Amino acid sequence: MVITGTTKVLGIIGSPVAHSLSPQMQNTTFAALGVDYIYVPFHVLPEDLATAVAGLRTLSVVGFNVTIPHKTAIVSLLDDLSPEADLIGAVNTVKCEERRLVGFNTDGSGFLRSLSEDLACEPQGISVLLIGAGGAARSALVALAGAGAAAITVVNRTMEKGAVLVNRFQPFFPATFIKSTGLNAFEQPAFMGGFDLLVNTTSVGMNMTSFPKFNPSSMKPSAVVYDMVYAPLETPLMLAARQQGLRTANGLGMLAAQGDEAFFIWTGRKPEQGVMRKFLLTQYAK
Ligand code: ATR
């Protein structure tokens, strides 16, 4: 790749950011498409967020991704939000349009696409068990309810946070029955039997951890399990589900799909099908 005076700049802001696969994933895509963009990591501390965003605006970068811990804090620094980002209250992609900063959230749509591609699961009319109540859970909940899920049960360690999610989003999605409960729901043997889809949005599963008492043995044979964790590629939760004969997917597909969508927002072009996904699989197959 040759960087010239006309090369357009994209990037990612986060803290930490060194672990992010997005720079390689996006630059691989630029190379495959032969477009004159470069994507770089910017380590931005929370206390520097406002000045960093002002700097990016002044430098007229084309756009940038936003990761932990800035996804919520950046909202108030932007000029406009997409309807999804506004509803979710979090932004993972910013487009700079002549110094105006517009925030998008491609996590939810990336999740839905991965759900369809990796598990042939379409949310219309299904009953979902959603574990977690953080930013990732908000994106998933809005995406699932928006796609017509019949019911969503939020299970979270801190029960109050689950209840906050229900109160916030139920009014927007009257056709979806949304409720919340604590992790102790896993202690009831029949609890798991009512769901078509289980989604883990928490970091539980990294370091090979799992939820105490989690047992998928009463899940419907047709149920599918999506874990947003992708390191390891198979979490203990996924392994337990697979051993029950259930189909499972990790979060790699979502990472690739949200990257595809961000690329489209910035460049107006659809990346070649599967470039980002292939890159990620190569990285993790090592
Ligand atoms: P993100 O934006 O990535 O979703 P977050 O907003 O910090 O991150 O939310 C993390 C989620 O993972 C929360 O639902 C959190 O549960 P609490 O609300 O009780 O904090 C959940 N989580 C993190 N570590 C957990 C653990 N060890 N056991 C159970 N839940 C955990």
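Residues numbered from 1 in each chain as written. Predicted model: local features only at pLDDT ≥ 70, side-chain atom pairs only at ≥ 80, totals over all residues. Heavy atoms only, no water.

So, on to the site of the ligand. Surveying the vicinity of the ligand reveals 13 residues, the closest of which are Ala 133, Ala 136, Asn 156, Arg 157 and Thr 158. Here an oxygen atom of the ligand sits 2.4 Å away from a polar atom, N or O, in the side chain of Thr 158. When isolated, the ligand has an accessible area of 650 Å², and the protein chains bury 65% of it. Of the residues contributing to the shell around the ligand, the split by class is four nonpolar, seven polar and two charged. (Near = heavy atom within 4 Å. Polar contact = N/O pair within 3.5 Å; in protein donor to acceptor, adjacent residues only side chain to side chain. Areas by Shrake-Rupley, 256 points an atom, 1.4 Å probe, with all protein chains shown as cover. Nonpolar A, V, L, I, M, F, W, Y, C, P; charged D, E, K, R; others polar.)

With that settled, consider helix α8 (residues 252–267). For the α-helix, the turn length of 3.6 residues means that residues three or four positions removed from each other point alike. With 16 residues, α8 should reach 22 Å at 1.5 Å per residue; the first-to-last C-alpha distance of 22 Å fits that figure. Most of α8 sits inside the fold, with 14 of its 16 residues counted as buried. After α8 finishes, the residue Gly 268 shows a positive phi value of roughly 75 degrees. (Helix = DSSP H or I, 4+ residues; strand = E, 2+ residues; numbered from the N terminus. Expected span 1.5 Å × (residues − 1). Buried < 20%, exposed > 50% of the residue type's maximum accessible area, 1.4 Å probe, protein only.)

Time to look at unusual backbone geometry. The omega angle of the peptide bond from Ser 15 to Pro 16 is 5 degrees, so this bond is cis rather than trans. Checked against the element boundaries, Pro 16 lands in the loop between β1 (8–14) and α1 (22–33). Cis peptide bonds are those with omega within 30 degrees of zero, and the linkage from Ile 68 to Pro 69 qualifies with 0 degrees. Within the element layout of this structure, Pro 69 appears in the loop between β3 (63–66) and β4 (80–81). Within the chain, Glu 98 stands out as a residue other than glycine whose phi angle is a positive 45 degrees. With respect to the helices and strands, the residue Glu 98 is situated in the loop between β5 (93–97) and β6 (100–104). For Asn 207, which is not glycine, the phi dihedral falls at a positive 60 degrees. With respect to the element layout, Asn 207 can be found in strand β11 (residues 204–207). You can call Asn 207 exposed: its relative accessible area is 72%.

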